[in-house]
Amino acid sequence: MKIYVVYDSEGDHTKTLAHAIAEGAKKVDGTEVFLDHVSKADIYKLPDMDAIIWGCPGHFGTISSGLKAWIDRLGYLWAEGKLINKVGAVFCTTATTHGGVEATMLNLITPMFHQGMIVVGLPGNITANALYGSYYGVGITCPVESSSIIPEEGLELGRALDERVATITKDLTRTKYGDRQ
Ligand SMILES: Cc1cc2nc3c(=O)[nH]c(=O)nc-3n(C[C@H](O)[C@H](O)[C@H](O)COP(=O)(O)O)c2cc1C
């Protein structure tokens, strides 16, 4: 099964989180993960994917313009129903705790619902999520004065998101791949 992680990032915070997310699926056998900055992400690869995870820095409480412009190129996939029933999940970084991290994730999820995707968040039985996380995806606050670009618990949540996406996608695509996964 194939998972595509697409991210926007200007200062590497969201890029670092995207890399942690891409790592998480390695725990689930039979998963191939593709990872691209939005400037290189190929919309024509999407119909071949089983799951799509996209994320960005929060810009004024919503999707960064780079990722939004890319999402707005997916109209032809909507018209042909090509993303229906693909698993989707989202992630985001902001500079401040109340700087719009969850608002941005809700905005990131909305186009997935329009595409007919099956959106997956993170549940409370993941300890790090109950303590530091969000139910809408992975939203991490990265204060400018912080010594690490992303705190370790943020990377842990990133890995947990992709592992969850891979596990659910594996179940949903069992008929498609049979024993090959
Ligand atoms: C145009 C712009 C708007 C931003 N708006 C917000 C905001 O509303 N709230 C916030 O906490 N951070 C805001 N930030 C900061 C980024 O979301 C934050 O630094 C993020 O982690 C950067 O991710 P990156 O290094 O992947 O680009 C903004 C940054 C830019 C450039």
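Refer to the structure printed above.
What comes next is a walk through the structure. Remember, predicted model here, so these are calculated numbers, not experimental data. (Residues numbered from 1 in each chain as written. Predicted model: local features only at pLDDT ≥ 70, side-chain atom pairs only at ≥ 80, totals over all residues. Heavy atoms only, no water.)

1. Structural notes on the overall build of the chain
And then number 1: Looking only at helices and strands, the chain features seven helices and six strands.
And then number 2: The helix and strand sequence of the chain, counted from the amino end, reads β-α-β-β-α-α-β-α-β-α-β-α-α.
And then number 3: In terms of C-alpha radius of gyration, the chain reaches 15 Å, essentially the compact-globule figure of 16 Å for 181 residues.
And then number 4: A principal-axis box enclosing the C-alpha atoms of the chain has dimensions of 50 × 35 × 25 Å.
And then number 5: Counting over 181 residues, the chain shows a buried share of 48%.
And then number 6: A sequence separation of at least 24 residues applies to 79% of the contacts in the chain between residues at least 6 apart.
And then number 7: Accessible surface, the chain as shown: approximately 8700 Å² in total, 52% of it carbon and sulfur.
And then number 8: Charged side chains in the chain number 16 positive and 21 negative. The centres of these two groups are separated by 7 Å. (Helix = DSSP H or I, 4+ residues; strand = E, 2+ residues; numbered from the N terminus. Rg over C-alpha atoms; globule rule 2.2 N^0.38 Å. Buried < 20%, exposed > 50% of the residue type's maximum accessible area, 1.4 Å probe, protein only. Contact = heavy atoms within 4.5 Å. Areas by Shrake-Rupley, 256 points an atom, 1.4 Å probe, with all protein chains shown as cover. Lys, Arg positive; Asp, Glu negative; His and termini not counted. Charge placed at Lys NZ, Arg CZ, Asp CG, Glu CD.)

2. What about the packing of helix H1 (residues 13–24) against helix H6 (residues 152–172)?
And then number 1: Running from amino to carboxyl end, H1 crosses H6 at an angle of 45°, the nearest separation of the two axes being 6 Å. Of the possible angle classes, the one that applies to H1 and H6 is oblique. With respect to the hand of their crossing, H1 and H6 are arranged in right-handed fashion. Residues Thr16, Leu17, Ala20, Ile21, Ala22, Glu23 and Gly24 of H1 touch H6, and the partners they reach there are Gly154, Leu155, Gly158, Arg159, Leu161, Asp162 and Glu163.
And then number 2: In the contact of H1 with H6, the residues fall into six nonpolar, four polar and four charged. (Axes fitted to C-alpha atoms, helices over the stretch in contact; angles between N-to-C directions. Parallel < 35°, antiparallel > 145°, perpendicular 65-115°, else oblique. Left-handed = near helix turned anticlockwise from the far one by under 90°. Nonpolar A, V, L, I, M, F, W, Y, C, P; charged D, E, K, R; others polar.)

3. Quick notes on the site of the ligand
And then number 1: Residues in contact with the ligand amount to 16 residues; listed here are only the nearest, Ser9, His13, Thr14, Thr93 and Gly99.
And then number 2: Taking Phe60, its main chain carries an N or O atom lying 3.0 Å from a nitrogen atom of the ligand.
And then number 3: Take Gly99: an N or O atom from its main chain is 2.7 Å from a nitrogen atom of the ligand.
And then number 4: Protein chains shield 75% of the accessible area of the ligand, which is 640 Å² for the free molecule. (Near = heavy atom within 4 Å. Polar contact = N/O pair within 3.5 Å; in protein donor to acceptor, adjacent residues only side chain to side chain.)

4. Focus: helix H4 (residues 101–114)
And then number 1: Buried within H4 are the following residues: Val101, Thr104, Met105, Leu108, Ile109, Pro111 and Met112. The arc enclosing the buried residues of H4, seen along the axis, measures out at 155°, which places them on a common side. Within H4, the exposed residues directed more than 90 degrees away from the buried face are Phe113 and His114.
And then number 2: Buried residues along H4 sit against strand S3 (51–57), helix H2 (65–71), strand S4 (87–94), strand S5 (118–119) and strand S6 (138–141).
And then number 3: Positive backbone phi, approximately 80°, marks Gly116, located one or two places after H4. (Arc of directions from axis to C-beta.)

5. A short note on a nonpolar patch on the surface
And then number 1: Among the surface-exposed residues, Leu106, Tyr135 and Tyr136 lie close enough to one another that they form a single nonpolar patch of about 300 Å² accessible area.
And then number 2: Tracing the backbone shows Tyr136 in the loop between helix H5 (127–132) and S6. (Patch = residues over 30% accessible without salt bridge, like charges linked within 9 Å, V, L, I, M, F, W, Y side chains within 5 Å. Salt bridge = Lys/Arg side-chain N within 4 Å of Asp/Glu carboxyl O.)

6. Brief notes about the pairing of S3
And then number 1: For S3, the buried fraction is high: seven of the seven residues fall into the buried class.
And then number 2: Bridge analysis of strand S1 (residues 2–7) against S3 gives five bridges, and the strand direction is parallel. Its bridge partner being in S3, Ile3 is matched across the sheet by Ala51.
And then number 3: By the bridge criterion, seven bridges tie S3 to S4 in an arrangement that is parallel. Across the sheet, Trp54 pairs through a bridge with Val90, a residue of S4. (Pairing = 2+ DSSP bridges.)

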